[in-house]
Amino acid sequence: MKRSFKPGTLLSPVPAVMVSCGEGENKNIITIGWTGIINSDPPITYISVRKSRHSHHIIEETGEFVINLTTEKLAYATDYCGVKSGRDVDKFKELNLTPETGEKVRCPMITQCPVNLECRVMEVKSYPNHDMFIAEIVAVHADDEIIDEKGKIDISLAGLLAYVHGEYYGLKKISIGRFGFSVMKPKTRKRINRQKHEERVSRNREKRKGR
């Protein structure tokens with residue numbers, strides 16, 4: 001039996017990302033939970049920002065921002081950037097976060113974040129509380145530590161953070177299955193499992209060498 005509740009923003013989990021915007025002395029970071037992918041080619045994303053937030057008018061004026069994926073280690077910084085206003089504090093300085101120059105946009109990336117998505121605003125949708133900034137992802141950056149032997153990004157190595165109805169949760173590296181596993185042929189599943197095993201062995205070997 002189910003119980004009914006009034007309509008609300010209960011969709012969970014959602015990404016907890018730090019969005020950097022502005023430049024120079026006017027740079028800022030805002031934590032965003034309302035974000036996602038709209039289109040794949042070209043890659044188009046969005047962030048919904050409350051109209052009263054300091055970052056709102058910065059993004060509105062510059063038409064640029066960077067989505068920085070966050071991790072369990074960055075949970076404190078992620079929460080801080082969501083409750084403190086850039087009108088009152090320099091969040092980069094306060095949290096010892098390093099602004100890093102991107103390739104396509106003028107606003108900085110956050111060095112400590114494992115993945116950075118440079119975004120350029122295409123259009124804005126206005127709603128009662130928030131404005132949705134729809135943007136093309138014009139560049140992607142990833143730390144060397146999460147790039148596998150084949151040169152692909154292994155996002156499972158990043159230790160990403162999610163937001164679930166007021167709480168932060170770490171995304172553990174335990175895969176239930178990859179896309180399409182429900183219809184995968186046994187031979188294909190066996191080959192993929194063998195590849196994963198070989199990659200784990202290789203990573204463990206490299207870790208032992210680095211000790």
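Residues numbered from 1 in each chain as written. Predicted model: local features only at pLDDT ≥ 70, side-chain atom pairs only at ≥ 80, totals over all residues. Heavy atoms only, no water.

**Student:** I tried to follow the packing of aromatic side chains on my own but got confused; where do I start?
**Tutor:** The geometry of an aromatic ring pair is captured by two quantities: the separation of the ring centres and the angle between the planes. With the rule as written, the count across this model stands at 2 aromatic pairs. Aromatic side chains Tyr 76 and Tyr 80 sit 6.4 Å apart centroid to centroid with 25° between the ring planes, which places their arrangement in the stacked category. Placement of both Tyr 76 and Tyr 80 in helix α2 (residues 75-83) is noted, with a separation of 4 residues, approximately one turn of the helix. (Phe/Tyr/Trp six-rings, centres within 6.5 Å; stacked < 30°, edge-to-face > 60°. Helix = DSSP H or I, 4+ residues; strand = E, 2+ residues; numbered from the N terminus.)

**Student:** Quick question: what am I supposed to make of the environment of His 130 here?
**Tutor:** Within the element layout of this structure, His 130 appears in strand β10 (residues 130-142). Among the residues examined, His 130 registers a relative accessible area of 17% and is labelled buried. Those residues within four positions of His 130 in sequence are excluded, and the remaining contacts are Trp 34, Ser 48, Val 49, Arg 50, Lys 51 and Lys 125. (Buried < 20%, exposed > 50% of the residue type's maximum accessible area, 1.4 Å probe, protein only. Contact = heavy atoms within 4.5 Å.)

**Student:** What's the story with the state of the cysteines in this structure? I'm lost.
**Tutor:** Simply put, the disulfide is a covalent bond whose two ends are the sulfur atoms of two cysteines. Scanning the entire structure with this criterion turns up 0 disulfides. Sulfur of Cys 21: no disulfide; nearest cysteine sulfur belongs to Cys 107 and is 6.9 Å away. Cys 21 sits in the buried class, given a relative accessible area of 0%. In this structure Cys 81 is not part of a disulfide, and its nearest cysteine sulfur, from Cys 113, lies 9.0 Å away. The class for Cys 81 is buried, based on a relative accessible area of 0%. (Disulfide = S-S within 2.5 Å.)

**Student:** How do you make sense of the pattern of salt bridges when you look at a structure like this?
**Tutor:** A side chain with one charge can pair with a side chain of the opposite charge if their charged atoms come near. If you walk through the whole model with that rule in mind, you get 4 salt bridges. Two residues, Arg 106 and Glu 23, come together in a salt bridge whose shortest N-O distance is 4.0 Å. Placement of Arg 106 in the loop between β7 (99-100) and β8 (109-110) and of Glu 23 in the loop between β2 (17-21) and β3 (28-32) is noted, with a sequence separation of 83 residues between them. For Lys 125, the salt bridge is made with Glu 123, and the minimal N-O distance between the two is 3.7 Å. Exposure remark for Lys 125: the relative accessible area of 37% places this residue in the partly exposed category. Judged by relative accessible area, which is 40%, Glu 123 ranks as partly exposed. Through salt bridges that share partners, Glu 23, Glu 64 and Arg 106 make up one connected network. (Salt bridge = Lys/Arg side-chain N within 4 Å of Asp/Glu carboxyl O.)

**Student:** Teacher, can you tell me more about the sheet that holds strand β1 (residues 14-15) here?
**Tutor:** By definition, the strands of a sheet pair up through backbone hydrogen bonds, in either a parallel or an antiparallel sense. Here 3 strands make up an open sheet; going across it, the order is β1-β11-β12 and the pairing antiparallel. The open sheet has two edge strands with one neighbour each: β1 and β12 (167-170). Where β1 lies against strand β11 (residues 161-164), 2 bridges are found, and the strand directions are antiparallel. Looking at β11, one finds that Val 14 is bridged to Tyr 163. (Pairing = 2+ DSSP bridges.)

**Student:** Is there a simple way to explain the pairing of β2 in this structure?
**Tutor:** Both faces of the sheet carry side chains from a regular strand, because those side chains alternate between them. Counting buried positions along β2 yields 5 of 5 residues, so the element is predominantly enclosed. Judged by which residues are buried, β2 turns out to be covered on both faces: Val 17, Val 19 and Cys 21 on one side and Met 18 and Ser 20 on the other are all buried. As defined by bridge partners, β2 adjoins β3 across 5 bridges and the pair is classed as antiparallel. Across the sheet, residue Ser 20 finds its bridge partner in β3, namely Ile 29. Between β2 and the antiparallel strand that follows it, β3, lie 6 residues; Gly 22 among them carries a positive phi value of about 75°. With 4 bridges joining them, β2 and strand β6 (residues 64-69) adopt antiparallel strand pairing. In the sheet register, Val 19 faces β6, and the bridge partner there is Ile 67.

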